[in-house]
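Structural characterization, general
Letter by letter, the chains look like this.
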Amino acid sequence: MGKRRTNQEWQTLIEQSESSSLSILAFCKLKEINPSTFYAKRQQLNNTGASQGFVRAEVVEKTTKYQSVQTKTANMTLLIKGVELSIPQGTPAAYLAELIGALS
């Protein structure tokens, strides 16, 4: 009969096998573990971990904050034949040239 191990000991063995470069069969042979037992314990511990993955959650306080951010952009002001035109910074030069040509 094989050595009795705790779940923590099995978990440690499983983690060692995963980080080992050995195949599971070679790892089991090295640690003197029956491969069928190793696979069964690994499956059992994986299922146990999955079923314990849920925890009770409770909303303590619901807070929603909105913040309006307005960045001031420098505008360019053109005065053409008594018409004042305010144009945002970054307006393409080709568009400005076409606009000035149309107003002239």
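Above this text sits the structure in question.
Here is a short report on the structure shown in this document. (Residues numbered from 1 in each chain as written. Predicted model: local features only at pLDDT ≥ 70, side-chain atom pairs only at ≥ 80, totals over all residues. Heavy atoms only, no water.)

**Looking at the overall build of the chain**
- Within the chain one finds 4 helices and 2 strands.
- In the chain, the order of α-helices and β-strands from amino to carboxyl end is α-α-α-β-β-α.
- Expressed as a percentage of contacts within the chain between residues at least 6 apart in sequence, the contacts between residues at least 24 apart total 25%.
- For the chain, the exposed area adds up to about 9200 Å²; of that, 52% sits on carbon and sulfur atoms. (Helix = DSSP H or I, 4+ residues; strand = E, 2+ residues; numbered from the N terminus. Contact = heavy atoms within 4.5 Å. Areas by Shrake-Rupley, 256 points an atom, 1.4 Å probe, with all protein chains shown as cover.)

**Considerations on the nonpolar core**
- Trp-10, Leu-13, Ile-14, Phe-27, Cys-28, Ile-33, Phe-38 and Leu-45 form the largest nonpolar core, which has 8 residues in total.
- Per-element tally for this core: the top contributor is helix H1 (residues 7-19), with 3 residues.
- Apart from residues lying up to four places away in sequence, Cys-28 is in contact with Ile-33, Pro-35 and Phe-38. (Core = buried A, V, L, I, M, F, W, Y, C linked by side-chain atoms within 4.5 Å. Buried < 20%, exposed > 50% of the residue type's maximum accessible area, 1.4 Å probe, protein only.)

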